[in-house]
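The residues making up each chain are set out below.
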Amino acid sequence: MKKLEPKGKIAYTTYMSDFGGVGYIRTIMPSVILGSLRYKKMSFEPTYLMRYVSSTEWYNNQSFVKFQRSATQEQLKMIKHFRTFTAQQTNTPLIYEIDDLLFNIPKSNFASDYYEENKPYIEEMLQLVSGVTVSTPFLRDYYKLYNSNVSVVKNRLAKCLWGDIKEYEPVNEKPRIIYPGSQNHFGVKGRTEEGGDIGPDLMNFIKKTKKDYEWMFIGAIPEELKNDKDIKHIPWVHYISYPQFIKNCNADIGIAPLQINDFNRGKSNLKMLEYSASGIPGVYTDIEPYKDCRLTTENENAMIDQIQWLVENPQKRYEVWSSDTKKIRNDLFLEDNIVKYVNEHLKLFNQKIE
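About the criteria used
- Residues numbered from 1 in each chain as written.
- Predicted model: local features only at pLDDT ≥ 70, side-chain atom pairs only at ≥ 80, totals over all residues.
- Heavy atoms only, no water.
- Helix = DSSP H or I, 4+ residues; strand = E, 2+ residues; numbered from the N terminus.
- Rg over C-alpha atoms; globule rule 2.2 N^0.38 Å.
- Buried < 20%, exposed > 50% of the residue type's maximum accessible area, 1.4 Å probe, protein only.
- Contact = heavy atoms within 4.5 Å.
- Areas by Shrake-Rupley, 256 points an atom, 1.4 Å probe, with all protein chains shown as cover.
- Lys, Arg positive; Asp, Glu negative; His and termini not counted.
- Charge placed at Lys NZ, Arg CZ, Asp CG, Glu CD.
- Pairing = 2+ DSSP bridges.
- Axes fitted to C-alpha atoms, helices over the stretch in contact; angles between N-to-C directions.
- Arc of directions from axis to C-beta.
- Phe/Tyr/Trp six-rings, centres within 6.5 Å; stacked < 30°, edge-to-face > 60°.
- Core = buried A, V, L, I, M, F, W, Y, C linked by side-chain atoms within 4.5 Å.
- Nonpolar A, V, L, I, M, F, W, Y, C, P; charged D, E, K, R; others polar.

Focus on the overall build of the chain
Point 1. Scanning the chain from terminus to terminus reveals 14 helices and 13 strands.
Point 2. In terms of overall size, the chain behaves like a compact globule, its C-alpha atoms giving a radius of gyration of 21 Å where 354 residues would be expected to give roughly 20 Å.
Point 3. Along the first, second and third principal axes, the C-alpha set of the chain runs to 65 × 45 × 30 Å.
Point 4. Classification of the 354 residues of the chain by burial places 55% in the buried group.
Point 5. Sequence separation of 24 or more characterises 73% of the internal contacts of the chain that already satisfy a separation of 6 or more.
Point 6. Accessible area of the chain: about 16,100 Å², with a carbon and sulfur share of 47%.
Point 7. Seen as two clouds, the 47 positive and the 45 negative side-chain charges of the chain have centres 6 Å apart.

Details of the sheet that holds strand β11 (residues 253-256)
Point 1. Pairing is parallel in the open sheet, where six strands are placed in the order β10-β9-β8-β11-β12-β13. Strands with a single pairing partner mark the edges of an open sheet, and in this sheet they are β10 (232-234) and β13 (296-297).
Point 2. Docked against the sheet, helix α11 (residues 270-277) engages β8 (176-181), β11 and β12 (282-285), running at close to 135° with respect to β8.

Some words on the environment of W309
Point 1. Looking at the element boundaries, W309 is found in helix α12 (residues 300-312).
Point 2. As for W309 and K144, which are separated by 165 residues in sequence, their C-alpha atoms are 41 Å apart.
Point 3. The residues contacting W309, other than those within four sequence positions of it, are L295, K316 and V320.

As for helix α8 (residues 200-208)
Point 1. Inspection of α8 places L202, M203, F205 and I206 among the buried residues, and these make up the whole buried set. Looking straight down α8, one finds its buried side chains confined to an arc of 160°; they lie on one side. Residues of α8 that are exposed and angled more than 90 degrees away from the buried face: P200 and K208.
Point 2. Contacts made by the buried residues of α8 are with β9 (214-219) and α12.

Brief notes about the packing of aromatic side chains
Point 1. Within the structure shown, the criterion is met by 23 aromatic pairs.
Point 2. Ring centres 5.4 Å apart and planes at 35° place the aromatic pair Y15 and Y52 in the tilted group. Here Y52 lies in the loop between β3 (42-49) and α2 (56-60) and Y15 lies in strand β1 (residues 9-15), a separation of 37 residues in the sequence.
Point 3. By relative accessible area, which is 3% here, Y15 ends up buried.
Point 4. Aromatic side chains F186 and F217 sit 6.2 Å apart centroid to centroid with 70° between the ring planes, which places their arrangement in the edge-to-face category. Residue F186 is located in the loop between β8 and α8, and its partner F217 is located in strand β9; the two are separated by 31 residues in the primary sequence.

Details of the nonpolar core
Point 1. Judged by nonpolar contacts, the single largest core of 51 residues is most densely connected at I10, F44, V342 and I353.
Point 2. At the level of elements, β1, α1 (21-35), β3, α7 (159-162), β9, α9 (242-247), α11 and α14 (338-346) are the ones that each hand at least two residues to this core.
Point 3. Leave out the neighbours within four places in its chain, and I353 touches L4, I10, Y39, M42, F44, V339, V342, N343 and L346.
Point 4. Counting residues in hydrophobic clusters, the runner-up holds 31 residues, among them L101, I105, A111 and Y142.

Some points on the packing of α12 against helix α13 (residues 314-328)
Point 1. At a minimum axis separation of 5 Å, α12 and α13 run at an interaxial angle of 115°. Counted together, W309, L310, V311 and E312 of α12 and P314, K316, R317 and V320 of α13 form the full contact between these two elements.
Point 2. Here the contact of α12 with α13 is composed, by residue class, of five nonpolar, no polar and three charged.

Details of the sheet that holds strand β6 (residues 131-134)
Point 1. Reading across from one edge, β2-β3-β1-β4-β5-β6-β7 is the order of the seven strands in this open sheet, with mixed pairing throughout. The sheet terminates laterally at β2 (38-39) and β7 (150-152), the two strands that pair on one side only.
Point 2. With two bridges joining them, β2 and β3 adopt antiparallel strand pairing. Following the sheet pairing, Y39 is matched in β3 by M42.
Point 3. Along the sheet, α1 makes contact with β1, β2, β3, β4 (64-68), β5 (94-97) and β6, crossing β3 at roughly 145°.

Printed below as a string of C-alpha cells:
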C-alpha cells in the first residue's frame, strides 16, 4: 500500500456484489459517512461501484481496492486481471470483504446451493488478494486458513440514521415481542424440514401464546406462520426507514434465536446493537455473537423461560436492556469510531492514522 501522508487522503473503491443489508451496512453507509468527515488533516474519499473501472489512472489515486462478497467465476477473472496488470502498475493492493461464513451454509438457507457451486472461485479469490476484512473474530480465524492477512472490521450502526440511543420504557399491556430478520433465518419453502433458526419448541410456543403476546415478525416470517392472522408480519422495510421503524414499533422484548452451527458462530452481534439503540431488552441464543449479552440461552426451552420471565417481570426489562447497552455503547455507532474503522482496514498494511 502507498505510504500515508499526515495531510493526505485515503481513497478506496469497493466493488459490490449486492445492495442488500450487508452491502448497505458495510459499504454504502460507511462510504457516505466517511466521505463527509475529516480526521485532523486527513481526508477520505470512498467510492462504491458495481461496474469495473479499467482506467489505470483511476487506481493511481486509490489507497486500496475492495471486492465485497465476490463469488462468481467472472468476479474471479476481475480479481486476476487486477492483480496481474493493474496492481503491478499502480501498487494498489486488493482486499476481499466478507461478513459471513460462505462455506458449509445450512441447507435451510436459500443461498446454500449458490455458494456451494461457487466455492472453488471464492477459495481462489481469498488466496489471491492482499488481505481480507471480516466482521468477527470467528470469521478471522476461519478465513486465515486461506489467507494469513485478515482484519476484523466491526459492524456498527450509522448514527445519522439511528439517532441517539432510546431508553427502554414499559409500553404494552399485551407484550409485543419482535423478531426482525431475513428469510435466511427460516427454512425456505419446500425445505422447512431442513431447519432454520426457529425450531419446533419455539415455534410451538409462539403458536401457543399468540393470543397472550403480540408476536411481530419484521422482514421475513416462517412458512408455518405466514397464514396465521394472529401473528403480525411487517414486510421488508427499506434500510433508510428501518432504524426509526424499529425504534418506534413499541416493542417490549426482542429475540434473536440461532441454530448452533459454524455459520451462525460467524455472525456479528447486529441484533444486540439494534435492540440496544432502540430501547429493547433482548433474549439471545448463547452463541459467539451474543456471548456478552445479559440473557443468553443454551436451547429453545431456556429461551422460552427467559421470554416468560421478562413478560412476568416488566421491571427487569430496563435492567436487561441497560446491561447490554453499557457493554457495547462505546462501539455502537460508526460516527463515534471512524478512526477505529479506518485503522481496522489499514492494519492489513501495518499502517494507521493515529
